[in-house]
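# Structural overview for review
The residues making up each chain are set out below.
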Amino acid sequence: MSSDGSRRHAPPHDALSSTPAASRAQGAAREHASPWPHVEVRGQLSIARKEWLHTNGAGAYASSTIACMHTRRYHGLLVAALDPPRRRHVMLSHVDASVRPIRQQGAPAERRASWPRWDLAKHQFPGIDPEISSFYLERFDQDPLPRWAYALPGGEIEVTLGLVRGENAAVLRYAWSGAEPVMLTLRPLLAARHMHQLLRENGGISQKVELRAGAPRGEPGSGRDRPSTGEVRVQPNRALPRICFRYQGTFVGSQDWWRRFEYLGEQDRGLDFLEDLWTPGHFETVIGAEPVHLLVAVGALPEDEPEDLLAAARAAIRAEDPGPRRPLLERRLTIAAETFRADAAARPGVVAGYPWFEVWGRDALIALPGLYLVPRKTEGAIRVLRALIDAMQDGLVPNRLPDAGEPAEFHTADATLWLFEAARLLADAIGDTHPFVTGELLGALRDAFEAALRGTRNAIHITADGLFAAGRSGEGAMDGLTWMDARVAGRAVTPRAGCPVELTALWAKGSETLARLARAAGDERLAERAEAAARAARRGFAGRFWCEATSYPYDVISEHADGEGAFRDASIRPNAVIAVAVDPACFTPEQAALLLERARLELLTPAGVRSLSPADPAYVPRYQGVPEARDNAYHQGTVWPFLLGFYARAARHFSALGEHVIPLLHRLVTSAAANEIAIGQVPEVASGEPPHHPGGCFAQAFSVAELLRVLAWDLPGQDPGGASGAPR
């Protein structure tokens, strides 16, 4: 983009004309007026390829496709958080189940090996089409626990999975509805490795199997009405905790490797996609009128009964549903929001996205209003903010708390600014004089304010004309410090060193927030200094950011307006939309209306907001391919659903469409929420061009949070009885 803002002109764009996503979502809502996912599979594997997600409130999760045919290295039935909510490891990958008759009519017992057996599992192996084998799955429900119903000759077997709340443990419940009992065989397949890695057959694995007292012996299927229970302990990876099983029936030790599972989602991403899994053996039990349970845990088994553990998990998730008085989509998003809150962890945090994102400061603070303040979980919000404040250094909020437990990373300029925005909204909810606000929170904001004024790491400082500057270009560049931070071969794809437009708006609004809270706490001197900083930022913003050639703000400008190295980047990006939503006082009403109209025509899509105008020569239309291709597209036109929240807040006040923008916003939120990878969740990104295929993380915290916030706070007619607690 040239410094004078010249560009090709993009044609007007109707954000809802290019995809049937909105009509699909409306049809689905009519067909299934429930917030809980339900899929009729009826033995069709193609229907069962969408993904599901279930979490335990402390960072552990379970996820796969509906068919439980893993397509990612991150899939598993128990992905434990060994340092909750961090250090996530795929411990239990699968539990393959098969069913066979106990006796065959008229057949001698010695011919038992020829009796029929029905395998419920589905896997992808090299050169084998999984479509050619029988698939018995009839339906899938997550209401709220994942539940599969398989139709077999003579009856139906129902499998329920529940993660134990706050613990690295899972319960699998098997219920049989047939007239005659059958034999159930369960084979656990273990990975016992970090979620980012893959396991290959190796001689270093420990194949020791420990049978605890009470493990039954004898012939399976001997007619016992209630199979006895036993425990098995294994520790295949000596660097990780043991894996424990409590089972019913008989354990048959047969340690072995199952080889060459193919994860085609990883192959599509250009990554290694083959894995070998280890099994210690299998469990056999008769199942009749009473359900059978398999309890799996990392470290130690829970003491409670399996049904009680399932009931507790079910109750905790069902409690998230705000009820039928709320709109259906709002209910679904509220339920989805629960998956990102690790409130049961000793150090609570927000998981930025599943399956691979960790705890990120920026993401947590952007998502905090939707995840915590909309459902009025203010105590949880305080605990999350306290954890981030405790991790601050040099007046900065960490950008990332790595999953493997390494030190916090601070390669960001805006995470700290989002702390001011989260503080403003929390104070709206609990009051300016709440002890946490006047104590820890105000102290953290003061430290951040003073650090920016004097200058801190990452070349963060306030310019002479009041703008927020960060990063530097050239040798040892720090030029990817905003949310547009993708790098390829060490190079920032979207270099934004200088004064990015949204950072100065956040600084201006944040300084105003600090003044408000300081005055409430009786610190008049700090309040006056913060007010002066806000005035200077808005004055500098008005003098330098507006581009007449594009009727849109510059995306990034240099610290100095003139002289060597001075520049102005006139790329049409959504950062100006963030700026006007956060601090409208930086713009005149006419400027706000003009920029929103341009954003509507060039950036708005049914899946979210583009990160770059299609008219720009650097625009990348598709988010796909190997990691380098995806990183190059990440902020160069790729669509981000979370940006709809900022567009909606700004459009409600400044759009040239006036009140006619409200039904457009409703349709956009509905359409973006329907563009899913995992049922009931909102993905991280989508391709810039129709049909806007979703990509990235299949469940993203700030995507869910911002769409929920729009529905609950920003659109009229959504709040019967004032239940959503919108901020002032």
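Provided above is the structure to which this section pertains.
Residues numbered from 1 in each chain as written. Predicted model: local features only at pLDDT ≥ 70, side-chain atom pairs only at ≥ 80, totals over all residues. Heavy atoms only, no water.

## Quick notes on the pattern of salt bridges
One side chain can pair with another of opposite charge once the charged atoms of both are near each other. Keep this limit in mind: Any Lys or Arg side-chain nitrogen found within 4 Å of a carboxyl oxygen on Asp or Glu counts as a salt bridge. Only protein chains enter the area calculation, which uses a 1.4 Å probe; residues under 20% of their type maximum are buried, those over 50% are exposed, and those in between are partly exposed. A run of H or I in DSSP becomes a helix once it reaches four residues, and a run of E becomes a strand once it reaches two; helices and strands are each numbered from the N terminus.
Evaluated as defined, the whole model comprises 51 salt bridges. In this structure, Glu210 and Arg212 form a salt bridge, with 3.1 Å as the shortest nitrogen-oxygen distance. For Glu210, a relative accessible area of 30% corresponds to the partly exposed category. Given a relative accessible area of 33%, Arg212 falls into the partly exposed group. Across the pair Glu231 and Arg246 runs a salt bridge, and its minimum N-O distance is 3.3 Å. One end of the pair, Glu231, is in strand β13 (residues 229-234); the other, Arg246, is in strand β14 (residues 243-248), with 15 residues separating them in the sequence. Comparing Glu231 with Arg246, the two get one shared label, buried.

## A look at the nonpolar core
Definition in use: In these notes, a set of buried Ala, Val, Leu, Ile, Met, Phe, Trp, Tyr and Cys residues joined through side-chain atoms within 4.5 Å is what counts as a nonpolar core. Throughout, a contact is declared for two residues whenever any of their heavy atoms are within 4.5 Å.
Core analysis: the largest hydrophobic core is formed by 155 residues, its most contacted members being Leu371, Leu419, Phe468, Trp507, Leu595, Phe646 and Tyr647. Those residues in contact with Phe646, other than ones at most four positions away along the chain, are Ile366, Trp418, Val577, Ile578, Ala581, Val582 and Glu706.

## Digging into the side chain of Asp363
As a reminder of what qualifies: Under this rule, positive means Lys or Arg and negative means Asp or Glu; His and the chain ends count for nothing.
In this fold, Asp363 is placed in helix α5 (residues 361-373). Summary of buried charges: Asp363 has no salt-bridge partner, and the nearest side chain of opposite charge, Arg362, is 4.6 Å away. For Asp363, the residues in contact, after removing those within four places along its chain, are Ala352, Gln700 and Phe702.

## What about the pairing of strand β10 (residues 169-176)?
Heads up, the condition is: Two strands form a pair only when DSSP identifies at least two bridges running between them.
When you tally the buried positions in β10, you get 8 out of 8 residues, the bulk of the element. The alternating pattern of β10 places Ala169, Val171, Arg173 and Ala175 on one face and Ala170, Leu172, Tyr174 and Trp176 on the opposite face, and all of these are buried. Examined bridge by bridge, strand β9 (residues 155-163) and β10 share 7 bridges and lie antiparallel to one another. Its bridge partner being in β10, Thr160 is matched across the sheet by Arg173. Connecting β9 to the next strand, β10, in antiparallel fashion are 5 residues, including Gly166 with a positive phi near 75°. Summarising the sheet, β10 and strand β17 (residues 292-298) pair through 6 bridges and their orientation is antiparallel. Across the sheet, the residue bridging to Arg173 is His293, located in β17.

## Points about empty space enclosed by the protein
The condition is simple: In this analysis, the protein atoms alone were mapped onto a 1 Å grid. Cavities are point sets where a 1.4 Å probe fits without being able to get out; pockets are open sets with protein on both sides within 12 Å along at least five of seven lines; lining residues have an atom within 4 Å of a point. Grid points are joined across faces, edges and corners, and a volume is the space filled by probe spheres set on the points. Only Asp, Glu, Lys and Arg are considered charged, only Ala, Val, Leu, Ile, Met, Phe, Trp, Tyr, Cys and Pro nonpolar, and every remaining residue, Gly among them, polar.
Evaluated as defined, the whole model comprises 7 cavities of 30 Å³ or more. Considering only enclosed or pocket space, the largest cavity measures out at about 230 Å³ in volume. Taken together, 16 residues make up the lining of the largest cavity; nearest its centre are Cys68, Leu77, Val95, Tyr150 and Val159. Ranked by residues supplied to the lining of the largest cavity, first place goes to strand β5 (residues 86-101) with 4 residues. Taken together, the residues of the lining of the largest cavity break down into 12 nonpolar, 2 polar and 2 charged.

## Thoughts on helix α14 (residues 643-654)
Turn by turn, an α-helix covers 3.6 residues, leaving residues three or four places apart pointing in a common direction. Counted only if it meets this: Every helix has an expected span of 1.5 Å times one less than the residues it contains.
The end-to-end C-alpha separation of α14 is 16 Å, in line with the 16 Å expected for 12 residues at 1.5 Å each. Considered for burial, the residues of α14 that qualify are Leu643, Leu644, Gly645, Phe646, Tyr647, Ala648, Arg649, Ala650, Ala651 and Phe654.

## Details of the sheet that holds strand β1 (residues 38-40)
Basically, it comes down to this: Angles shown run from 0 to 180 degrees and are taken between the N-to-C directions of axes, each axis being a line fitted to C-alpha atoms and, for helices, limited to the stretch in contact.
The antiparallel open sheet is built from 9 strands, whose spatial order is β1-β7-β8-β9-β10-β17-β14-β13-β12. At either end of the open sheet lies a strand with only one pairing partner, and these are β1 and β12 (209-211). Strand-to-strand twist of the sheet, defined as the mean angle between neighbouring strand axes without regard to direction, takes the value 15°. Helix α3 (residues 306-318) rests against β9, β10 and β17 of the sheet, and its axis sits at about 110° to β10.

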